[in-house]
Amino acid sequence: AYNFCAGPATLPESVLRQARDEMLDWRGTGMSVMEMSHRSDEFVQIAETAEKDLRELAGVSDDYAVLFMQGGASSQFSTIPLNLLGEKGSADYVNTGIWSKKAIAEASRYGKVNVVASSEDSGFTTIPDQSSWQTSADAAYLHYTPNETIGGLEFGFIPDSPGTPLVADMSSSMLSRPVDVSRFGVIYAGAQKNIGPSGLVVVIIRKDLLGKARKETPTMMNYQVIADNGSMYNTPATYSWYLAGLVFKWLKEQGGVKAMGEINLRKARKLYDFIDTNEFYANPIDPRFRSWMNVPFTLADDALNGEFLKGANARGLLNLAGHRSVGGMRASIYNAMPEAGVDALIDYMTEFAKERG
Ligand code: PLP
């Protein structure tokens with residue numbers, strides 16, 4: 001089966017097999033990783049190796065702290081303003097879809113949010129040209145969502161943000177292609193797409209941005225505290241951290257982020273090209289900003305959606321229904337989705353259109 005779920009999403013099969021093989025007895029310790037003390041030498045080794053591999057994969061320098069936090073990406077929507085708003089009290093946000101809106105709503109509870117640009121009028125089908133953004137001189141940071149998982153809208157470029165730390169929710173695009181981390185103040189990503197199990201959230205933060213949290217910030221949300229304690233201020237999500245480490249090793253074996261980016265581009269191009277050339281299917285997104293990870297599409301007749309999904313399921317093409325807020329279909333084709341999965345989907349779509357179109 002091929003699982004096209006947007007998250008939790010498909011993981012590399014070899015990773016799952018390794019986790020299964022090591023489940024009861026991790027390397028002769030007589031313990032599952034799940035049963036180990038997070039302070040044990042064994043787990044510390046697992047945790048440090050995962051961080052090292054992530055740093056290598058993403059090109060993260062020593063100027064940045066890497067944190068393995070909990071509460072998913074959504075908890076970062078409040079953690080960020082609590083830590084970064086500081087005395088300035090206001091931040092710039094770009095509104096390109098449902099996840100941007102959630103981040104904006106949460107930050108608005110803590111300070112002034114200036115929405116510098118929005119593509120809501122277009123139904124979130126494009127990215128507003130950066131020359132039109134109304135940025136403010138006193139913003140503590142500029143937040144954006146490089147890939148809108150639900151809409152299938154992706155920046156594909158890093159916005160300019162001279163003098164203002166750039167903060168990015170990379171939940172659904174992290175490690176999918178090379179990114180210059182040095183352009184960012186903070187990158188955060190819920191793990192359940194390209195990294196591992198849900199609940200875990202990886203945060204990459206420039207060290208000069210630590211230590212600025214408001215005093216009422218919950219300790220568990222204070223970046224400085226988490227960094228000072230090696231992400232072990234409390235008991236971390238040990239098993240998720242271990243699985244993330246296995247995924248990082250797998251990605252290194254695939255040739256790293258550059259090689260993965262080439263594969264991802266190929267997969268996405270193939271699927272969009274098919275959608276664009278087959279009259280039965282459509283994708284509404286400005287072709288310049290189509291997501292490499294999440295490909296929404298509609299059928300010529302919505303009344304056929306149920307039949308399409310049923311037939312897909314029967315062939316082992318799983319979780320193709322679009323997000324409940326937008327309907328239609330969505331194929332999420334993260335790193336772990338093999339090219340053969342995209343080919344199988346296109347074969348099915350071709351047949352379905354022939355029969356029912
Ligand atoms: N941001 C983006 C871009 C997402 O795709 C998601 C979830 O799927 C989230 C945030 C929320 O993540 P979580 O469910 O881990 O809180």
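Note that the coordinates shown come from a computational prediction; the quantities given were computed from them, not determined experimentally.

Conventions and cut-offs
- Residues numbered from 1 in each chain as written.
- Predicted model: local features only at pLDDT ≥ 70, side-chain atom pairs only at ≥ 80, totals over all residues.
- Pairing = 2+ DSSP bridges.
- Helix = DSSP H or I, 4+ residues; strand = E, 2+ residues; numbered from the N terminus.
- Axes fitted to C-alpha atoms, helices over the stretch in contact; angles between N-to-C directions.
- Near = placed C-beta within 6 Å.
- Contact = placed C-beta atoms within 7 Å.
- Buried ≥ 20, exposed ≤ 12 C-beta atoms within 10 Å, placed from the backbone.
- pLDDT = per-residue confidence, 0-100.
- Expected span 1.5 Å × (residues − 1).
- Arc of directions from axis to C-beta.
- UniProt positions renumbered as here; feature names shortened; annotations may be inferred.

K.L.:
Account for the sheet that holds strand β2 (residues 64-70), naming residues and giving values.
P.N.:
Taken in spatial order, the 7 strands line up as β2-β10-β9-β8-β5-β3-β4 in an open sheet, and their pairing is mixed. The open sheet terminates on both sides in strands that have one partner only, identified here as β2 and β4 (112-118). Between one strand axis and the next, the sheet turns through 20° on average, direction left out of account. With 3 bridges connecting them, strand β8 (residues 166-169) and strand β9 (residues 186-190) associate as parallel partners.

K.L.:
I'd like to hear about the site of the ligand, residue by residue, with values.
P.N.:
Surrounding the ligand, one finds G7, G72, A73, S74, W99, T145, T149, D169, S171, S172, G190 and S198. Considering each element in turn, the shell around the ligand owes the most residues, 3 residues, to helix α3 (residues 72-84).

K.L.:
Break down the sheet that holds strand β14 (residues 329-332) for me, citing the residues and quoting the values.
P.N.:
One open sheet holds the 3 strands; their spatial order is β11-β12-β14, and the pairing between them is antiparallel. If you trace the sheet from one side to the other, it starts and ends with β11 (281-282) and β14, each paired once. Across 2 bridges, the pairing between β11 and strand β12 (residues 294-299) is antiparallel. Note that in β12 the partner of A282 across the bridge is T298. On the sheet, helix α7 (residues 256-277) packs against β11, β12 and β14 and is oriented at approximately 15° with respect to β12.

K.L.:
Tell me about unusual backbone geometry, and please be specific about residues and values.
P.N.:
Residue G7 is joined to P8 through a cis peptide bond whose omega torsion reads -5°. Even without being a glycine, L175 presents a positive backbone phi close to 65°. Assignment of secondary structure puts L175 in the loop between β8 and β9. Overall, L175 belongs to the buried group, with 25 C-beta atoms counted inside 10 Å. One non-glycine residue with positive phi stands out, namely S231, at about 60°. Mapped onto the elements of the fold, S231 is located in the loop between α5 (223-228) and α6 (238-253).

K.L.:
Describe in detail the confidence of the model for the chain, supporting the description with residues and values.
P.N.:
Averaged over all residues, the pLDDT of the chain is 97; the fraction at 70 or higher stands at 100%. For this predicted complex, the interface confidence comes out at an ipTM of 0.99, alongside a pTM of 0.98.

K.L.:
Would you mind going over helix α9 (residues 339-356) in detail, with residue names and values included?
P.N.:
Counted at 1.5 Å a residue, the expected span for α9 with its 18 residues is 26 Å, and the 26 Å between its end C-alpha atoms agrees. G341, V342, L345 and M349 are the residues of α9 that are buried. Around the axis of α9, the buried residues are gathered within 95° of arc, so they sit on the same side. Counted as exposed and oriented over 90 degrees from the buried face of α9: A340, E351, K354 and E355. Contacts from the buried residues of α9 go to β1 (2-3), α7, β11, β13 (317-318) and β14.

K.L.:
I'd like a description of the pairing of β2, backed by residues and values.
P.N.:
Taken across its 7 residues, β2 has 5 buried, putting it largely inside the fold. Taken together, the 7 bridges between β2 and strand β10 (residues 200-206) define a ladder with antiparallel strand orientation. When the sheet's bridge partners are listed, V66 is paired in β10 with I204.

K.L.:
Tell me about the environment of G245, and please be specific about residues and values.
P.N.:
Mapped onto the fold, G245 is located in helix α6. Residue classification places G245 among the buried positions, given that 25 C-beta atoms sit within 10 Å. Counting along the chain gives 49 residues from G245 to G196, while the straight-line C-alpha distance between them is 8.6 Å. Residue contacts for G245: discarding those within four places in its chain leaves I46, T49, A50 and D53.

K.L.:
Residue-level account of the UniProt feature "binding site: L-glutamate" (unreviewed entry) in the chain, with values.
P.N.:
Mapped onto the present numbering, the UniProt feature "binding site: L-glutamate" (unreviewed entry) falls on R39. Position of R39 among the secondary structure elements: in the loop between α1 (13-22) and α2 (41-58).

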